[in-house]
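Coordinate analysis (summary)
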Amino acid sequence: QVQLVESGGGLVQAGGSLRLYCVASDRTFSTYDMAWFRQAPGKERELVAAISPSGGSTHYSNPVKGRFTISRDNARNTVYLQMNSLKPEDTAVYHCAADSGTGWSRATWGQGTQVTVSS
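Here's what I pulled together on the structure shown here. (Residues numbered from 1 in each chain as written. Predicted model: local features only at pLDDT ≥ 70, side-chain atom pairs only at ≥ 80, totals over all residues. Heavy atoms only, no water.)

What follows concerns the overall build of the chain. Scanning the chain from terminus to terminus reveals 0 helices and 11 strands. Starting at the N terminus and ending at the C terminus, the chain contains elements arranged as β-β-β-β-β-β-β-β-β-β-β. Taken over C-alpha atoms, the radius of gyration comes to 13 Å for the chain, in line with the 14 Å a tight globule of 119 residues would show. Considered along the principal axes of its C-alpha atoms, the chain spans approximately 40 × 25 × 25 Å. For the chain, the proportion of its 119 residues judged to be buried stands at 43%. For the chain, the exposed area adds up to about 6200 Å²; of that, 46% sits on carbon and sulfur atoms. (Helix = DSSP H or I, 4+ residues; strand = E, 2+ residues; numbered from the N terminus. Rg over C-alpha atoms; globule rule 2.2 N^0.38 Å. Buried < 20%, exposed > 50% of the residue type's maximum accessible area, 1.4 Å probe, protein only. Areas by Shrake-Rupley, 256 points an atom, 1.4 Å probe, with all protein chains shown as cover.)

Set out below in structure tokens:
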């Protein structure tokens, strides 16, 4: 069973940048779809970005398009989320997820990392 550990969150001013990291324990990491989700207090969980096993295909939610970039390094079992031009609305707990083909509702999730963007 894959285990995921996120890091890189923190406090940043609006307009700043953060880079999130998600490290997987499983050597089959290169076969998984990977994604970043976020959840703010009082809001539903939201898909932020997703990336195919090879990294050749990516998807972004509308609020982050043009500002966030998801990438992966399969040799290091790591997926990244580069977040630029951060806005207060981006404040949330960010979770990494791995999907082996069963759908995100059955995906493996990391513990999350807090991102806080001040005005």
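Okay, the side chain of serine 61 next. Relative to the helices and strands, serine 61 is located in the loop between strand 6 (58-60) and strand 7 (68-73). Taking the relative accessible area as the measure of exposure, serine 61 reaches 11% and is therefore buried. Within the local environment of serine 61, its side chain forms a polar contact with the backbone oxygen of leucine 47, the two atoms lying 3.4 Å apart. Dropping the residues within four chain positions of it, serine 61 is found in contact with Glu46, Leu47 and Val48. (Polar contact = N/O pair within 3.5 Å; in protein donor to acceptor, adjacent residues only side chain to side chain. Contact = heavy atoms within 4.5 Å.)

Note on terminology: a disulfide is the covalent bond linking the sulfur atoms of two cysteines. Per the stated rule, a full pass over the model turns up 1 disulfide. One disulfide bridge connects cysteine 22 with cysteine 96, the sulfur atoms lying 2.1 Å from each other. Handedness here is read from the sign of the S-S torsion; for cysteine 22 and cysteine 96, about -80°, the answer is left-handed. One end of the pair, cysteine 22, is in strand 3 (residues 18-24); the other, cysteine 96, is in strand 9 (residues 92-99), and 74 residues separate them in sequence. You can call cysteine 96 buried: its relative accessible area is 0%. (Disulfide = S-S within 2.5 Å.)

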